[in-house]
Amino acid sequence: MSAIQHAAGLLDGVRRRRPRVHCLMNGVVPKFVADGLSALGAIPSMTSSPEEVGHFVAKADALLVNLGTLDAQCREAIGIAVDVAAKQGRPWTLDPSHCDYSPPRAAFAQDLLTRGPAVLRANAAEFDLLSVPAGVVAVRTGRQDRIAYNGSAFSVVNGHPLTALVTGTGCLSGAVIAAFLAIEPDPYLAACAAMLAFGVAAEMAGTAAAGPGSFEPALLDALANLEGAHILSFAKADHEQG
Ligand SMILES: Nc1ncnc2c1ncn2[C@@H]1O[C@H](COP(=O)(O)OP(=O)(O)OP(=O)(O)O)[C@@H](O)[C@H]1O
Ligand SMILES: Cc1ncsc1CCO
Ligand SMILES: [Mg+2]
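A brief structural summary. Source: prediction; values computed, not measured. (Residues numbered from 1 in each chain as written. Chains lettered and ligands numbered in written order. Predicted model: local features only at pLDDT ≥ 70, side-chain atom pairs only at ≥ 80, totals over all residues.)

1. A look at the overall build of the protein
Where we set the bar: Helix numbers and strand numbers start at the N terminus; a helix is a DSSP run of H or I with at least 4 residues, a strand a run of E with at least 2. As a reference, a globule follows 2.2 Å times the number of residues to the power 0.38, and the radius of gyration itself is taken over C-alpha atoms. Each residue is classified by how many other C-beta atoms fall within 10 Å of its C-beta atom, where C-beta atoms are placed from the backbone; a count of 20 or more means buried, 12 or fewer means exposed, and values in between mean partly exposed.
Looking only at helices and strands, one finds 10 helices and 9 strands in the protein. Taking 242 residues into account, the globule formula puts the C-alpha radius of gyration at 18 Å, and the protein, at 16 Å, falls close to it. Projected onto its principal axes, the C-alpha coordinates of the protein cover approximately 45 × 40 × 35 Å. When the 242 residues of the protein are sorted by exposure, 53% land in the buried category.

See below:
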């Protein structure tokens, strides 16, 4: 089965199984990310207090760690969350948001990469600063999204330029990866499926939007209305075999 056919089936799996995704999100776009996960068919939770986060991660099917507005309490919560994820076998995605602005944040992100994330999702500037250890699926987003693992790579060229004009679309794409990780044990297939679903939904939203203001709700609508058949019809992707 191709990665595209597999993605269509996994989208149905997300709707059937409604995975719980716990998000340690930045303070800028938590509502958008939670709404995007709900629209897709997953169940978001966003608590970050150190005394509670472990309980939330233990009950979640997957975790997203986003460093966008990192502070001392976030660092503590992230440490607890990734420990619980490791102990309970919960897959997690790292979004090293804005690590290119701050050497301490880049060092923290680089350290987190050694603590067992299934997937790194980063924009080009963030991605190019980090070295991705073997065993971590590497997703570099931009006009083209490239998913790489162990010598293989998959590039998704779906999407719409308005995506780049709405803050938090990258954060949401990391959350969508976490939702697919919750139901697909192979993190490379999960990440390919997530970026196909997100890219096709963004393309559908782009045709309905007049600008970034109407693109944002249109993207939520497109995530909710997306069907496996849309992925099969509209996916534009290339496989590079290593
Ligand atoms: N020029 C573009 N054309 C089409 N899609 C794009 C373009 N640039 C980015 N995207 C899409 O926008 C989304 C966000 O990617 P980007 O690399 O901009 O992340 P980001 O900088 O982390 O975003 P944010 O921090 O706002 O959440 C991805 O789904 C990506 O495919
Ligand atoms: C703009 C911004 N600043 C910190 S997090 C965030 C949202 C994702 O880029
Ligand atoms: Mg980002």
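Past the structure itself, the notes keep going.
2. Notes on the sheet that holds strand β9 (residues 237–240)
Stated formally: Should DSSP find at least two bridges between two strands, the strands are regarded as paired. Axis definition: a line fitted to C-alpha atoms, over the contacting stretch in the case of helices. Angles run 0 to 180 degrees between N-to-C directions. Contact between two residues is assigned whenever their backbone-derived C-beta positions fall within 7 Å.
With mixed pairing, the 9 strands of this open sheet are ordered in space as β2-β1-β3-β4-β5-β6-β7-β8-β9. Strands with a single pairing partner mark the edges of an open sheet, and in this sheet they are β2 (43–45) and β9. Direction aside, the axes of adjacent strands within the sheet are offset by 20 degrees on average. The pairing of strand β3 (residues 62–66) with strand β4 (residues 92–95) spans 4 bridges and is classified as parallel. Along β4, the bridge assignment pairs Leu64 with Thr93. Its contacts with the sheet place helix α7 (residues 169–181) against β1 (20–24), β3, β4, β5 (119–123) and β6 (137–141), and it is angled at close to 160 degrees to β3.

3. Re the site of ligand 1
Condition: Each residue gets a C-beta atom placed from its backbone. Should that atom fall within 6 Å of a molecule or strand, the residue is termed near it.
Within the structure, ligand 1 sits among 18 residues, and Asn123, Gly159, Thr163, Ala164 and Gly170 are positioned closest to it. Element by element, the count of residues in the shell around ligand 1 is highest for α7, at 4 residues.

4. Quick word on the site of ligand 2
Worth spelling out the cut-off: Residues are grouped as follows: Ala, Val, Leu, Ile, Met, Phe, Trp, Tyr, Cys and Pro are nonpolar; Asp, Glu, Lys and Arg are charged; every other residue, Gly included, is polar.
Surrounding ligand 2, one finds Asn26, Val28, Val29, Gly68, Thr69, Ser97, His98, Thr167, Gly168 and Cys171. Grouping the amino acids of the shell around ligand 2 by side-chain chemistry returns 3 nonpolar, 7 polar and no charged.

5. Let's talk about the packing of helix α3 (residues 50–59) against helix α4 (residues 72–88)
Selection criterion: Roughly parallel covers angles under 35 degrees, roughly antiparallel covers those over 145, roughly perpendicular covers 65 to 115, and oblique covers all other angles. Each helix crossing is assigned a hand: it is left-handed if the near helix lies turned anticlockwise from the far helix by less than a right angle, otherwise right-handed if that turn is clockwise.
Where α3 contacts α4, the two axes come as close as 9 Å, and the packing angle between them is 30 degrees. One finds that α3 runs roughly parallel with respect to α4. In the packing of α3 onto α4, the handedness of the crossing is right-handed. Residues Pro50, Val53, Gly54, Val57 and Ala58 of α3 touch α4, and the partners they reach there are Gln73, Glu76, Ala77, Ile80, Ala81, Val84, Ala85 and Gln88.

6. Quick notes on α3
Every α-helical turn comprises 3.6 residues, leaving residues that sit three or four positions apart pointing alike. Convention followed: Each C-beta atom gives one direction from the helix axis, and the arc is the one those directions make.
Inspection of α3 places Val53, Phe56 and Val57 among the buried residues, and these make up the whole buried set. Across the axial projection of α3, the buried residues extend over an arc of 95 degrees, all falling on one side. Exposed residues pointing more than 90 degrees away from the buried face of α3 are listed as Glu51 and Lys59. Where α3 is buried, its residues touch β1, β2, β3 and α4.

7. Observations regarding the pairing of β6
Within β6, 5 of the 5 residues are buried, which leaves the element mostly enclosed by the surrounding structure. As consecutive antiparallel partners, β6 and strand β7 (residues 145–149) are separated by 3 residues.

8. A short note on the environment of Asp100
Among the structural elements, Asp100 can be located in the loop between β4 and α5 (103–112). Considered as a pair, Asp100 and Lys31 are 69 residues apart in the sequence and their alpha carbons are 24 Å apart. Residues within four places of Asp100 in sequence aside, it is in contact with Ala125, Glu126 and Leu129.

9. Focus on helix α1 (residues 3–17)
Put simply, the test is: Here the expected span of a helix is defined as 1.5 Å times the quantity of residues minus one.
Taking 1.5 Å of rise per residue, 15 residues should cover 21 Å, and α1 covers 20 Å from first to last C-alpha, within 8% of that figure. Every buried residue belonging to α1 is among Ala3, Ile4, Ala7, Ala8, Leu10, Leu11 and Val14, and all of these are buried. The arc enclosing the buried residues of α1, seen along the axis, measures out at 165 degrees, which places them on a common side. Elements that come into contact with the buried residues of α1 comprise α2 (30–40), β8 (152–156), α7, α8 (187–208), α10 (228–234) and β9. Count one or two residues on from α1 and you reach Arg18, which has phi positive near 45 degrees.

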